[in-house]
Amino acid sequence: MTRDVAPRLGYLKPALIHSTFFPALQGPKSKMSASDPTSSIFLTDSQAQIKKKINKYAFSGGRDTVEEHREHGGDTSVDVSYLYLTFFLEDDSKLAQIKEDYGSGRMLTGELKKELIEVLQRLVGEHQERRKAVTDEMVRQFMTPRPLNFDKSSK
């Protein structure tokens, strides 16, 4: 309804943004919680914490035994390591290969978790380095209120 009314009032039509949320480390059926540090990876986590959290807490779509996994493959629709890679791995062909290998049983859960650990350690490490460069003056400039000037005539 807002998209119909806004232009009549002289405003631009609002946009709708669809977003997908990360699953908690314990799996798609659980929730992330700030009070549970094992439910997610934080941007302040150390390299060792990232490795430990993924290896210990990331829900796996793998089978109960290596033999079963090799025969039937893993379930990428519930495997948290794979689901996180769909967000963070920039190489789509590599992601497709991982899905094929894991789903067919050629890749084991430990190998998939290792891929995610490498990706997240690099990403979080780069973020932490850039964050160290932020000064109080930069934060003050960013947080200074400024007037917003919307041109209602541009439709």
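Parameters and conventions
Position numbers for residues start from 1 in each chain and track the written sequence from start to end. Whole-chain, interface and lining totals are the exception, using all residues; otherwise, since this is a predicted model, local features are given only for residues with pLDDT of at least 70 and side-chain atom pairs are given and counted only at 80 or more. Side-chain measures were taken over the full set of non-hydrogen atoms in the model, leaving aside hydrogen atoms and water. Helix and strand assignments follow DSSP, with helices taken as H or I runs no shorter than four residues and strands as E runs no shorter than two, numbered in order from the N terminus. The buried label applies to any residue whose accessible area, calculated with a 1.4 Å probe on protein chains only, is under 20% of its type's maximum; exposed applies above 50%, and partly exposed to all values in between. Definition of nonpolar core: a set of buried residues of the types Ala, Val, Leu, Ile, Met, Phe, Trp, Tyr and Cys, connected through side-chain atoms within 4.5 Å. Contacts were defined at the residue level, with two residues in contact if any of their heavy atoms lie within 4.5 Å. Only residues above 30% relative accessible area that lack a salt bridge enter a patch, with like-charged residues linked at up to 9 Å and the nonpolar side chains Val, Leu, Ile, Met, Phe, Trp and Tyr linked at up to 5 Å. The Shrake-Rupley method, run with a 1.4 Å probe, gives the accessible areas here. Residue values count only the displayed protein chains as cover. Salt bridge, as used here: a side-chain nitrogen of Lys or Arg that lies within 4 Å of a carboxyl oxygen of Asp or Glu. Residues scored as positive are Lys and Arg, those scored as negative are Asp and Glu, and His as well as the terminal groups of each chain are ignored. Positions of charges follow a simple convention, taking NZ of Lys, CZ of Arg, CG of Asp or CD of Glu. What counts as a ring pair is set by centres within 6.5 Å for rings of Phe, Tyr and Trp (its six-membered ring), and what kind of pair is set by the plane angle: stacked under 30 degrees, edge-to-face over 60, tilted for all other angles. How far a helix is expected to stretch is found by multiplying one less than its residue total by 1.5 Å. It is the directions from the helix axis to the C-beta atoms that the arc portrays.

Q: Can you break down the environment of E118 residue by residue, with the values?
A: Its location among the elements puts E118 in helix α6 (residues 109-132). Looking at E118, the relative accessible area reads 42%, which means it is partly exposed. The spatial distance from the C-alpha of E118 to the C-alpha of Q47 is 9.5 Å, given a sequence separation of 71 residues.

Q: Mind laying out the nonpolar core, listing which residues take part and the relevant values?
A: If you look at the biggest cluster of nonpolar residues, it comprises 20 residues, and the most contacted ones within it are I41, I54, Y84, L85, I98, L112 and L120. The dominant element in this core, judged by the number of residues it contributes, is α6, at six residues. Setting aside anything within four residues of it in sequence, one finds I41 in contact with L25, I50, K53, I54, Y84 and L120.

Q: Explain a negative patch on the surface to me, and be specific about the residues and the numbers.
A: A grouping of D64, E67, E68 and E71 is seen on the molecular surface, where their side chains present a negatively charged patch. Relative to the assigned elements, E71 resides in helix α3 (residues 66-72).

Q: Talk me through the packing of aromatic side chains; I want residue IDs and the actual numbers.
A: Within this structure, the stated rule accounts for five aromatic pairs. Seen from their ring centres, Y84 and F88 are 6.4 Å apart, and the 55 degrees between their planes marks the pair as tilted. A residue pair is termed a helical-turn pair when its members lie 3 or 4 positions apart in one helix, as Y84 and F88 do in helix α4 (residues 80-88) at four residues. Taking the relative accessible area as the measure of exposure, F88 reaches 21% and is therefore partly exposed. A centroid spacing of 6.5 Å and a plane angle of 50 degrees characterise the contact between F87 and F88, whose relative ring orientation is tilted. According to the relative accessible area criterion, F87 is partly exposed, its value standing at 35%. The rings of F22, Y84, F87 and F88 are connected pair by pair, giving a single aromatic cluster.

Q: Account for the pattern of salt bridges, naming residues and giving values.
A: Counted according to the given criterion, the structure contains eight salt bridges. The salt bridge involving K53 is made with D45; its shortest N-O contact spans 2.8 Å. D45 matches K53 in its accessibility class, with the two residues each being buried. A salt bridge links R106 to E100; the nearest nitrogen and oxygen atoms lie 3.4 Å apart. On the accessibility criterion, R106 (48% relative accessible area) is partly exposed.

Q: Describe the environment of E67, with residues and values.
A: Along the polypeptide, E67 turns up in helix α3. Taking the C-alpha atoms as reference, E67 lies 9.1 Å from G105; in sequence the two are 38 residues apart.

Q: So, helix α5 (residues 92-104): which residues are in play, and what are the values?
A: Its 13 residues place the ends of α5 18 Å apart at the C-alpha level, agreeing with the 18 Å of an ideal helix rising 1.5 Å per residue. Residues L95, I98, D101 and Y102 constitute the buried set of α5. Along α5, the residues classed as buried sweep out an arc of 130 degrees about the axis, all on the same side. Across from the buried face of α5, at angles greater than 90 degrees, the exposed residues are D92 and S93. Buried residues along α5 sit in contact with α3, α4 and α6. Directly beyond the C-terminal end of α5, a positive phi value near 95 degrees is found at G105.

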